[in-house]
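The primary structure of each chain is shown beneath.
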Amino acid sequence: MNSVIQNILNRRSVRVYSDEPVKKSDLDLILKAGMYAPSGCNMQPWHFTVIQDKELIKTLSNESKKEFINHENEMFRKMAANKDYNIFYNAPMIIVISGEKSSPTSIIDCSAATQNMILASESMSMGTCWIGLITFLFKGKNGKKWAEKINIPENYEPYYAITLGYKKYPDPKAPDRRKNVINYI
């Protein structure tokens, strides 16, 4: 099977990481893969904020949980109430993906860049998990303060994050795929 297709089919969200620090050369390749994503009119409206400070990552998790503790979704409320739950799964680093506010295709382009980074990580036997819960932090009452604290450029909006680290356990088996999701006309 083609190695690109195999990489796509093998990729799983990883929630347990080894203690091995991410090599700078590996991180640089992953970020470069993100920068080579397609974008509308080649605007490349993304900005990546790499956070390696474990205390800051924990604080961002705790502050995010405060923003969805009263969410209408019961699962979100339970996660937020669990003092041991870390939305970043104690990963050694996270990458916050932000998009240029003036770009009409920013969120789509940033999603493509995120997918590129996730697939690049898988090809290097690293694990990632796409984290949407951080959105609550940046849309919350102190969102602007947190964006400034992690140096998000002023004309950018943080959308989500990915965790990044070396996998602690071998690749899990893929869950069954949903049926009846394709129509041919």
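In what follows, the accompanying structure is described. Along each chain, the written sequence defines residue order, and numbers are assigned to residues from 1. Side-chain atom pairs in this predicted model are given and counted only at pLDDT of 80 or more, local residue features only at pLDDT of at least 70, and totals for whole chains, interfaces and linings cover all residues. Remark: hydrogens and water are excluded; side-chain values derive from all non-hydrogen atoms of the structure.

Observations concerning the overall build of the protein chain
In this description a helix means any DSSP run of H or I spanning at least four residues, a strand means any run of E spanning at least two, and both kinds are numbered starting from the N terminus. Scanning the protein chain from terminus to terminus reveals seven helices and four strands. Each helix (α) and strand (β) of the protein chain, taken in turn from the N terminus, gives the series α-α-β-α-α-β-α-β-α-α-β. Restricting the calculation to C-alpha atoms gives the radius of gyration, and the globule rule supplies 2.2 Å times the number of residues raised to the power 0.38. Expected size for 185 residues packed as a compact globule is a radius of gyration near 16 Å; at 17 Å, the protein chain falls within 12% of this value. Considered along the principal axes of its C-alpha atoms, the protein chain spans approximately 50 × 45 × 40 Å. Each residue is assigned to one of three classes by its accessible area relative to the maximum for its type, calculated with a 1.4 Å probe on protein chains only: buried under 20%, partly exposed between the two thresholds, exposed over 50%. Burial statistics for the protein chain: of 185 residues in total, 44% are counted as buried. At a minimum sequence separation of 6, the contacts of the protein chain that also span at least 24 residues come to 81%. Carbon and sulfur atoms make up 53% of the accessible area of the protein chain, which totals about 11200 Å². Positive charges come from Lys and Arg, negative ones from Asp and Glu, while His and the chain ends are left out of the count. For charged residues, the charge sits on one atom: NZ in Lys, CZ in Arg, CG in Asp, CD in Glu. Of note, the protein chain has its 25 positive side-chain charges centred 5 Å away from the centre of its 19 negative side-chain charges. Contact definition: two residues touch when any of their heavy atoms are within 4.5 Å. Surface accessibility follows the Shrake-Rupley procedure with a 1.4 Å probe radius. Residue values consider only the protein chains on display as shielding.

Details of helix α3 (residues 54-68)
Helices are assigned an expected span. That span is 1.5 Å times one less than the residue count. Over its 15 residues, α3 extends 22 Å from the first C-alpha to the last, a length consistent with the 21 Å expected when each residue adds 1.5 Å. Every buried residue of α3 is listed here: Leu56, Ile57, Leu60, Ser61, Glu63, Ser64, Lys65 and Phe68. Whenever two N or O atoms come within 3.5 Å, that pair is a polar contact, provided that in protein one can donate a hydrogen and the other can accept it, and provided that, for residues adjacent in sequence, both atoms are side-chain atoms. Measuring from the side-chain oxygen of the N-cap residue of α3 to the backbone nitrogen of Glu55 gives 2.9 Å; that N-cap residue is Asp53.

Here we look at the packing of aromatic side chains
Only rings of Phe, Tyr and Trp enter the pairing, Trp through its six-membered ring, and a pair is recorded when the two centres are within 6.5 Å. The plane angle decides the type: under 30 degrees is stacked, over 60 is edge-to-face, the rest tilted. Under the defined criterion, the tally for this structure stands at six aromatic pairs. Every member of this aromatic cluster is reached through a ring pair, and the members are Phe68, Phe76 and Phe136.

Let's talk about the sheet that holds strand β3 (residues 126-131)
On the basis of which strands lie adjacent, the open sheet formed by four strands has the order β1-β2-β4-β3 and antiparallel pairing. Bordering the open sheet on either side are β1 (46-51) and β3, each of which pairs with just one other strand. Each strand axis lies, on average, 25° off the axis of its neighbour in the sheet, ignoring direction. In short, DSSP must find at least two bridges between two strands for them to pair. Across six bridges, the pairing between β1 and strand β2 (residues 93-100) is antiparallel. Within the sheet, the bridge partner assigned to Phe48 lies in β2 and is Ile97. The strands touched by helix α5 (residues 106-123) within the sheet are β1, β2, β3 and β4 (156-166), with β4 carrying the most contacts at an inclination of about 5°. Where helices are involved, their axes are fitted lines through C-alpha atoms of the stretch in contact, as for all axes, and angles between N-to-C directions lie from 0 to 180°.

Description of the pattern of salt bridges
Salt bridge criterion: a side-chain nitrogen from Lys or Arg within 4 Å of a carboxyl oxygen from Asp or Glu. By the definition in use, this model includes seven salt bridges. Residue Glu63 is joined to Lys66 by a salt bridge in which the shortest nitrogen-to-oxygen separation is 2.9 Å. Of the two residues, Glu63 and Lys66 both sit in helix α3, three residues apart, roughly one turn of that helix.

With respect to the environment of Lys101
Counting through the fold element by element, Lys101 comes out in the loop between β2 and α5. The exposed category is assigned to Lys101, whose relative accessible area is 53%. For the pair formed by Lys101 and Ile134, sequence separation is 33 residues and the distance between their alpha carbons is 18 Å.

Some words on unusual backbone geometry
In this structure, Asn42 takes a positive phi of about 55° despite not being glycine. Looking at where Asn42 falls in the secondary structure, it is placed in the loop between α2 (24-35) and β1. Residue classification places Asn42 among the exposed residues on the basis of a relative accessible area of 54%. Positive phi is not limited to glycine here, since Tyr89 has a value of about 55°.

What to know about the environment of Ile8
Looking at the element boundaries, Ile8 is found in helix α1 (residues 3-10). By relative accessible area, Ile8 is classed as partly exposed at 40%. When the C-alpha atoms of Ile8 and Ile118 are compared, they prove to be 9.5 Å apart, with 110 residues separating the residues in sequence.

So, to be careful, I would describe these as geometric facts and stop short of saying anything about function.
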